[in-house]
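Next come the chains, spelled out residue by residue.
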Amino acid sequence: MSALAQAAAELATARKDILRIATAGSVDDGKSTLIGRLLYDSKAVFEDQYAAIERASRGDHVDLSLLTDGLRAEREQGITIDVAYRYFSTPRRTFILADTPGHVQYTRNMVTGASTADLAIVLVDARKGMLEQSRRHAFLASLLRVPHLVVAVNKMDLVDWSEEVYEGIREEFAAFATKLEVPDLTVVPISALQGDNVVTRSANTPWYEGTSLLHHLEHVHVASDRNLVDTRFPVQYVIRPQTDEFRDYRGYAGRVGSGVLRPGDEVQVLPSGLTTTIAAIDGPDGPLDAAFAPMSVTVRLTDDLDVSRGDMICRPHNAPTVTQDLDAMVCWMADTPLVPRMRLAVKHTTRSVRAVVKDLQYRLDVNTLHRDTTADGLGLNDIGRVTLRTTQPLFVDDYHRNRVTGRFILIDEATNATVGAGMLTPS
Amino acid sequence: MTTADHRLTQLQTLEAESIHVLREVAAESERPVLLFSGGKDSIVMLELARKAFAPARIPFPVMHVDTGLNFPEVLEFRDRRVAELGVELIVASVPDAIAAGTVRQEPNGSRNRIQTPVLLDAVERHGFTALFGGARRDEDKARAKERVFSFRDEFGQWDPKNQRPELWDLYNGRTHLGESIRVFPLSNWTELDIWGYIAQEEIAIPALYLAAERDVVDRAGMLYAVNEFITPKDGEQVERRSVRYRTVGDANLTAAVPSVAGTVAEVIAEIAVTRLTERGATRGDDKVSDAAMEDRKKEGYF
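It should be emphasised that the depicted structure is a prediction, and the values quoted were computed from it without experimental measurement.

Section: the overall build of chain A
- Along its length, chain A carries 8 helices and 23 strands.
- Every one of the 427 residues in chain A was classed for burial, and the buried ones make up 48%.

Rendered as structure tokens:
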């Protein structure tokens, strides 16, 4: 094998981790240009794609925003319909970017994109400063508890690289972020069009002491974002081979939600409350000495208990709350409004139950954060605090403590549509 | 396995995500089926299914929509792999449907579009409620907006404006009678991830994916290997060249690329420096228009 082949093979199987990013902003903020720039400068753009946008570009420059140009249905209507996923990588990290449209269905799309994100990028036009929609995007990122927030102050070239403009926006955002309990905020002055501070530091911003945007994305520390303390293992599927070789094999397959599981650990199974020990953990390549999020594994227990899908394996002295009463912030995503006494299906971890809406405590104005306690329903893209009563107990934690056991979706049983997203709050 | 620092590599993360998706469908869907063509993506998907349910057998059948235009090496591979895993193989045959008069092939010999009614017919006959496909979001811009769980109506149609929101990893696979869900466990994998995984796991693939000396004709810059379905036309020169296939589609329309990569690692090296997307380089059927994939997907194509 040639040295090149060897190097490439190592690259493809390298020990890189994945950073999941959500971007928010409208076309006017230069979001498509920024994403196009990241894809192009990290060489995720292929010759035929580049040739296609070169043909389609008007004016002197190749329009990088066309790289994220979407479906024909969208071009015809001049809007972006849906979350699009983009992929690029550098020698340090692989990036999965959820590109969410800024205008239409912004809450539904931004919430969807942010739900899996480690980091959110909010685009701000330097000429316009922090707008209502910038506040909204930052709020939604904090509601979904995206651990890292980056504000990209774009079009700095159009304000003559003014430190004053940048500082003004940075301070305003920092004050707002404190209210939102955003744990990590970074503000980068950029020009997506010209590439300043996107991949490399720009000579136009000598006053800026931070790193380029891509450098930040490559180095932001995400390992400690995971909860490695509270053991939560929702049982997803029971594996029973029933063959001669594996006659007595009974494995509980699932994805580790949080915490660390090890053979020999004393564990408790909910809802039965019975305790036993972990006999073995089987991973995709054989036995493991530890399992942690987001690994998909199969756990075998020492005792022959009755465990099935929807049950939860945890530690005896660190169990989630077992409850039928849920207090949650709900993002509503359907045309038919959410109203008290409505009946819905709930999917929480691997458990599906029914629920009734007991109360709508308030509707939140995502622009002003004002709580409207007189609201009688949640319309499409509204967010509010809701009380639900479920038919069966769920095993829950607050969303701010545990993103896995603190979240659920709401399903309309008549249409089977996903109509809401919920994040549990302390009652 | 890297457990000391509680970190996973990108391939381990993608593997865990795909296994979670496969198990979720097996747990919730009445009658799933996995689409297996013998192509590299479906080979990886089948390997992930094996791991997801080991040491038990894969708890659902696999289905091949057979256009009758197969590379013989790929068919052989399909049958061998299915036998090794002890899974049931269902073949939905396009030639049978042509013979029965239910579909007609296009004038250029493409059976790409007519796979769809044959697929939908098989789904209905077998009552499948969930279909695993090996599509990836990095393949095409219509795919970039596809959900992991993609809802299809009773005609198998995709409505990009009316997709179910997909939050966290809480998938909604509910369907009414006649409707189905297309599930894409490899959504977040890139072409390079697929090859990296094939190399890392030493997964067997059909020999077509590796470079060999083959007789080819050059048609508008695309190299087609002479086979049962491609015979040189008048004036076409047959050349002996070292080529490999990046995708394995219908044998009458899939072109090869010049290559000297005789091993998986060498293929990875070539791909890492290649600047043409997979579909653009080798699939005659995608060159028709910019929105070709979007149109086919709306009709129920995978």
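Some words on the overall build of chain B
- Each helix and strand in chain B was counted, giving 9 helices and 10 strands.
- Counting every position in chain B, which comprises 302 residues, the buried fraction comes to 56%.
- Taking the intrachain contacts of chain B between residues at least 6 apart in sequence as the baseline, contacts between residues at least 24 apart amount to 73%.

Focus: the pairing of strand β3 (residues 89-93) of chain B
- Sheet analysis places strand β2 (residues 62-66) of chain B next to β3 of chain B, joined by 5 bridges and oriented parallel. Each residue of the ladder has a partner; that of V65 of chain B, found in β3 of chain B, is A92 of chain B.

Considerations on the nonpolar core
- Core analysis: the largest hydrophobic core is formed by 194 residues, its most contacted members being A120, A152 and V153 of chain A.
- The dominant element in this core, judged by the number of residues it contributes, is helix α1 (residues 10-28) of chain B, at 9 residues.
- Once residues within four sequence positions are removed from consideration, V153 of chain A is found in contact with V124, A126, Y166, I169, V187, V188, P189 and I190 of chain A.

As for the domain arrangement of chain A
Residues and elements named next belong to chain A.
- According to the domain assignment, chain A contains domain 1 (13-225), domain 2 (233-314) and domain 3 (321-424).
- Each of domain 2 and domain 3 was reduced to a C-alpha centroid, and the two centroids are 30 Å apart.
- Contact with domain 2, which involves 11 residues of that partner, is made by 9 residues of domain 3.
- In terms of residue class, the side of domain 2 that touches domain 3 is built from 5 nonpolar, 5 polar and 1 charged.

Overview of helix α3 (residues 72-85) of chain B
Residue and element names in this part refer to chain B.
- With 14 residues, α3 extends 20 Å between its outermost C-alpha atoms, agreeing within 8% with the 20 Å of an ideal straight helix rising 1.5 Å per residue.
- Turning to α3, the residues buried within the fold contact α2 (40-53) and β2.
- Looking at the residues trailing α3, positive phi occurs at G86, about 65 degrees.

Observations regarding the packing of helix α5 (residues 106-115) of chain A against helix α6 (residues 132-143) of chain A
Residue and element names in this part refer to chain A.
- In the contact formed by α5 and α6, the axes pass within 9 Å of each other and the chain directions differ by 45 degrees. One finds that α5 runs oblique with respect to α6. Both α5 and α6 take part in a crossing whose hand is right-handed. Along its contact with α5, which presents T107, M110, V111 and A114, the element α6 presents H137, L140 and A141.
- In terms of residue class, the contact of α5 with α6 is built from 5 nonpolar, 2 polar and no charged.

What to know about the domain arrangement of chain B
Residues and elements named next belong to chain B.
- Each domain of chain B was delimited in the assignment, giving domain 1 (10-193 + 291-298) and domain 2 (205-286).
- Measuring from the centre of the C-alpha atoms in domain 1 to the corresponding centre in domain 2 gives 24 Å.
- Opposite the 21 residues of domain 1 that make contact, domain 2 presents 18 residues.
- Sorting the residues of the side of domain 1 that touches domain 2 by element identifies α2, α3, α6 (191-201) and α9 (292-298) as the ones contributing at least two each.
- Broken down by element, the residue count for the side of domain 1 that touches domain 2 peaks at 3 residues, all from α3.
- Broken down by class, the residue content of the side of domain 1 that touches domain 2 amounts to 8 nonpolar, 7 polar and 6 charged.

Notes on the sheet that holds strand β10 (residues 257-258) of chain B
Residues and elements named next belong to chain B.
- On the basis of which strands lie adjacent, the open sheet formed by 4 strands has the order β8-β7-β9-β10 and antiparallel pairing. Both outer strands of the open sheet, β8 (222-225) and β10, are each paired with one neighbouring strand and no more.
- Bridge analysis of strand β7 (residues 212-219) against β8 gives 4 bridges, and the strand direction is antiparallel. Pairing of V217 across the sheet is with Y224, part of β8.

Quick notes on the confidence of the model for chain B
Residue and element names in this part refer to chain B.
- For chain B, per-residue confidence averages 85 on the pLDDT scale, and residues scoring 70 or more make up 89% of the total.
- Confidence drops under pLDDT 50 across residues 285-290; counting only partners more than four residues distant or on other chains, this segment forms 6 contacts.
- Confidence estimates for the predicted assembly give a pTM of 0.91 and an ipTM of 0.92.

Quick word on the environment of A255 of chain B
Residues and elements named next belong to chain B.
- Position of A255 relative to the elements: it lies in the loop between β9 (239-244) and β10.
- Its 23 C-beta neighbours within 10 Å are what place A255 among the buried residues.
- Sequence-wise, A255 and G133 are 122 residues apart; in three dimensions their C-alpha atoms are separated by 22 Å.

Structural notes on unusual backbone geometry
- A293 of chain A connects to P294 of chain A through a cis peptide bond whose omega is 0 degrees.
- The residue P294 of chain A is located in the loop between β14 (291-292) and β15 (296-301) in this model.
- At the junction of A54 of chain B and P55 of chain B, the peptide bond is cis and its omega measures out at 5 degrees in the coordinates.
- By the secondary structure assignment, P55 of chain B is in the loop between α2 and β2.
- Unlike most non-glycine residues, Q242 of chain A shows phi in positive territory, near 50 degrees.
- Turning to its location among the elements, Q242 of chain A is positioned in the loop between β8 (237-239) and β9 (251-255).

Reading guide: rules and limits
- Per chain, the residues get numbers from 1 upward, laid out in the order the sequence is written.
- Chain A is the first chain written and ligand 1 is the first ligand written, with later ones labelled in order.
- Where local features are concerned, this predicted model is filtered to residues with pLDDT of at least 70; where side-chain atom pairs are given and counted, the filter is 80 or more; whole-chain, interface and lining totals use all residues.
- Strands are runs of DSSP state E lasting at least two residues, helices are runs of H or I lasting at least four, and both sets are numbered from the N terminus onward.
- Partly exposed residues are those whose C-beta has more than 12 but fewer than 20 other C-beta atoms within 10 Å; 20 or more makes a residue buried and 12 or fewer makes it exposed, with C-beta atoms placed from the backbone.
- Throughout, a pair of residues is in contact if the C-beta atoms placed from their backbones lie within 7 Å.
- Strand pairing is assigned whenever DSSP detects at least two bridges linking the two strands.
- In plain words, the nonpolar core is the set of buried Ala, Val, Leu, Ile, Met, Phe, Trp, Tyr and Cys residues that C-beta atoms within 7 Å link up.
- Note that the domain bounds were set by an automatic or database domain assignment.
- Throughout, the ten residues Ala, Val, Leu, Ile, Met, Phe, Trp, Tyr, Cys and Pro are labelled nonpolar, Asp, Glu, Lys and Arg are labelled charged, and all others, Gly among them, are labelled polar.
- Multiplying 1.5 Å by the helix residue count minus one yields the expected span of that helix.
- Here an angle of 0 to 180 degrees is reported between the N-to-C directions of two axes, which are lines fitted to C-alpha atoms, with helices fitted over the stretch in contact.
- An angle below 35 degrees is read as roughly parallel, one above 145 as roughly antiparallel, one from 65 to 115 as roughly perpendicular, and any other as oblique.
- Whether a crossing is left-handed or right-handed is set by the direction in which the near helix is turned from the far one by less than a right angle, anticlockwise for left-handed and clockwise for right-handed.
- A score from 0 to 100, pLDDT tells how confident the predictor is in each residue.

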